[in-house]
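Coordinates in review
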Amino acid sequence: MTATIRVKLSIMMFLEFFIWGAWFVTLGTYLLKNLNATGLQVGTAFLTQSVGAIVAPFIIGLIADRFFSAQKILGVLHLAGAVLLWRASLAPDFGSFYPSILTYMILYMPTLALVNSISFRQMQDPQKEFAPIRVLGTLGWIVAGLTIGWLNWEQTDGLQATFTMAAVAAAILGVFSFTLPATPPVKKGQSSSLGDLLGLDAIGMLKNRSYLIFFLASIAICIPLAFYYGFTNPFLNEVGMKSAAGVQSLGQVSELLFMLAIPLFFSKLGVKKMLAIGMGAWVLRYVFFAYGNADANYWMLIAGIVLHGVCYDFFFVTGQIYTDNLAGEQFKSSAQGFITLATYGVGMLIGTLLSGRIFDSYQLSADVHNWRMIWLIPAGIAGVVLLLFLLLFRERRQAATSEPDVALGSAPSMAQAK
């Protein structure tokens, strides 16, 4: 790549994740405080991510891969997204807010694949060239969180501005996208089945008993994951943490550091231990949240946030590598699409609805919740998943010792939310 292209791709990646991090982390707090939403409505709002993840393969497979250049579709989607985010910022109640954010996430989720596609098509050696560009996405998310904390929007009921900030960034990226390198459709004139679009061609991998156990564990572990995305920021603000969104960016820093260490851990520990450590970290994180506070046990809150790197990288990134190693050349893309559909589609769908109901069940008064019980429930779910996984999963040594392709396996976390 030329230096100009590298700079353009880096700006694109930074803005892509700045936009998401600008509003997603504090969404729960905004809905509860500003729009007086219920926990179930908060869960329903976060469910839009699952809807977007399910719809994304159709937009990419039916449009981007066949008819139009990826950079042009990216521009159009972000310009439309800017309008929707602006509308969301003006919504007076949840009923008028939800249609805007649902439509927005249906348009936004496909852009995650588009920015990767645009990047890869410009690279001679993606394994070496992609990671330095992808890290700008993590930096964008961190800067968004730090900006919210620095401007003190959480403590001053100013979170409406997060959507305005994201809308401006989306408009900038929308216009900027038309200056990106040309990325014409790669499957023009070809046909695809529903199975191709959803990755269902890889369903035969479930005949492998160990992969079936991993697959089911991936869906199940996304249920407690939904608690983190939806209610961590409201929890931290309620217990009195200052600049919670900024502090939560430590999770992305942790994710980045552990991502760099994945090859070493992978070769030393193997698949089963890596996945088990990741699930165990989920249990520990929620226990820390259950017993942490803004006083003597403040360190537990920080530890729970920093554990994000272990929670995400050790389970989800390792799982992507494990899937890639088992799939073979013919089904690599289908297999990744299949596991993404299962986790961010099915698993998160169940988790967002369940977490909202549990949040409402343990509301003691208008602004007070029994957070200990709210967090011990996902800790228990993660613990059961971990126990069953340890009992039933059998590791094949060749899957554990294959060389991990971390650069290509670094899908965005939403600690989130990436």
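Residues numbered from 1 in each chain as written. Predicted model: local features only at pLDDT ≥ 70, side-chain atom pairs only at ≥ 80, totals over all residues. Heavy atoms only, no water.

The chain appears in an unreviewed UniProt entry as Nucleoside permease from Hymenobacter citatus. Within the UniProt record for the chain, the comment given under Subcellular location (unreviewed entry) is "Cell membrane". (UniProt positions renumbered as here; feature names shortened; annotations may be inferred.)

Attention shifts here to the overall build of the chain. In terms of regular secondary structure, the chain is built from 17 helices and two strands. Residue burial in the chain is summarised as follows: out of 418 residues, 56% are buried. In the structure as shown, the chain presents an accessible area of about 16,300 Å², 66% of it carried by carbon and sulfur atoms. (Helix = DSSP H or I, 4+ residues; strand = E, 2+ residues; numbered from the N terminus. Buried < 20%, exposed > 50% of the residue type's maximum accessible area, 1.4 Å probe, protein only. Areas by Shrake-Rupley, 256 points an atom, 1.4 Å probe, with all protein chains shown as cover.)

Turning next to helix 11 (residues 250-291). Counting along an α-helix, one turn takes 3.6 residues, and residues three or four places apart therefore face a common direction. An ideal rise of 1.5 Å per residue puts 62 Å on 42 residues; helix 11 reaches only 20 Å between its terminal C-alpha atoms. Along helix 11, the sharpest kink reaches roughly 110 degrees, centred on Gly270. (Expected span 1.5 Å × (residues − 1). Bend = angle between axes of the 7 residues up to and from the residue.)

Turning next to the packing of aromatic side chains. Inspection of every chain in the model, using the stated rule, returns 39 aromatic pairs. Centre to centre, the rings of Phe97 and Phe163 are 5.5 Å apart; their planes meet at 80 degrees, and the pair counts as edge-to-face. Placement of Phe97 in helix 5 (residues 94-120) and of Phe163 in helix 7 (residues 160-177) is noted, with a sequence separation of 66 residues between them. Judged by its relative accessible area of 0%, Phe97 falls in the buried class. Phe163 sits in the buried class, given a relative accessible area of 0%. Seen from their ring centres, Phe389 and Phe393 are 4.7 Å apart, and the 25 degrees between their planes marks the pair as stacked. Positioned over the ring face of Phe17 is Arg134, at 4.4 Å from the centre of the ring. Over the ring of Tyr228 we find Arg285, and its NZ or CZ is 3.7 Å from the ring centre. (Phe/Tyr/Trp six-rings, centres within 6.5 Å; stacked < 30°, edge-to-face > 60°. Lys NZ or Arg CZ within 6 Å of the ring centre and 35° of its normal.)

In terms of nonpolar packing, the biggest core is built from 126 residues, with Met12, Trp20, Trp23, Leu31, Leu85 and Phe97 touching the most fellow members. Tallying contributions element by element places helix 9 (residues 209-238) first for this core, with 16 residues. Setting aside anything within four residues of it in sequence, one finds Leu31 in contact with Asn36, Ala37, Val42, Ala45, Phe94 and Phe97. (Core = buried A, V, L, I, M, F, W, Y, C linked by side-chain atoms within 4.5 Å. Contact = heavy atoms within 4.5 Å.)

So, about unusual backbone geometry. Backbone geometry places Asn36, a non-glycine residue, at a positive phi of 55 degrees. Note on placement: Asn36 falls in the loop between helix 2 (27-34) and helix 3 (39-64).

Relative orientation of the contacting elements helix 1 (residues 3-24) and helix 5 amounts to 155 degrees, with a least axis distance of 11 Å. By the angle between their axes, helix 1 is roughly antiparallel relative to helix 5. Read as a crossing pair, helix 1 and helix 5 show a hand that is left-handed. Between helix 1, through Leu9, Met12, Met13, Glu16, Phe17, Ile19, Trp20 and Trp23, and helix 5, the contact on the second element is made entirely by Ile101, Tyr104, Met105, Tyr108, Met109, Thr111, Leu112, Val115, Asn116, Ile118 and Ser119. Tallied by class, the residues present in the contact of helix 1 with helix 5 amount to 15 nonpolar, three polar and one charged. (Axes fitted to C-alpha atoms, helices over the stretch in contact; angles between N-to-C directions. Parallel < 35°, antiparallel > 145°, perpendicular 65-115°, else oblique. Left-handed = near helix turned anticlockwise from the far one by under 90°. Nonpolar A, V, L, I, M, F, W, Y, C, P; charged D, E, K, R; others polar.)

Moving on to the confidence of the model for the chain. In the predicted model, the chain carries a mean pLDDT of 86, and 85% of its residues have values of at least 70. The spread of mean pLDDT over the elements of the chain runs between helix 17 (residues 406-409), the lowest at 38, and helix 7, the highest at 97. Under a pLDDT of 50 for its full length, residues 398-418 has, in the predicted model, 77 contacts with residues more than four places off or in other chains. (pLDDT = per-residue confidence, 0-100.)

Two elements in contact, helix 4 (residues 70-90) and helix 7, have axes separated by 7 Å at closest approach and are oriented at 160 degrees. Judged on the interaxial angle alone, helix 7 and helix 4 are roughly antiparallel. At the point where helix 4 passes helix 7, the crossing takes the left-handed sense. Touching Gln71, Leu74, Gly75, His78, Leu79, Ala82, Leu85, Trp86, Ala88, Ser89 and Leu90 of helix 4 are Gln160, Phe163, Thr164, Ala166, Ala167, Ala170, Ala171, Leu173, Gly174, Val175 and Ser177, all from helix 7.

Below, the discussion takes up the environment of Tyr228. Mapped onto the secondary structure, Tyr228 falls in helix 9. Tyr228 sits 54 residues away from Trp282 along the chain, and the two C-alpha atoms are 9.6 Å apart.

Before going further, it helps to spend a moment on a nonpolar patch on the surface. A contiguous nonpolar surface patch, about 430 Å² in accessible area, is contributed by Leu250, Val253, Leu257, Leu260 and Val306. On the secondary structure map, Val253 appears in helix 11. (Patch = residues over 30% accessible without salt bridge, like charges linked within 9 Å, V, L, I, M, F, W, Y side chains within 5 Å. Salt bridge = Lys/Arg side-chain N within 4 Å of Asp/Glu carboxyl O.)

On to the side chain of His369. Take His369: it is sitting in strand 2 (residues 368-369). Among the residues examined, His369 registers a relative accessible area of 10% and is labelled buried. A polar contact of 2.8 Å, which involves the side chain of His369, links it to the side chain of Glu238. Sequence-distant contacts of His369, that is, excluding residues within four places in its chain, are made with Glu238, Phe359, Tyr362, Gln363, Leu364 and Ile374. (Polar contact = N/O pair within 3.5 Å; in protein donor to acceptor, adjacent residues only side chain to side chain.)

Structurally, Ser10 is set in helix 1. Taking the C-alpha atoms as reference, Ser10 lies 6.1 Å from Leu136; in sequence the two are 126 residues apart. In contact with Ser10, other than residues within four places in its own chain, are Ile133 and Leu136.

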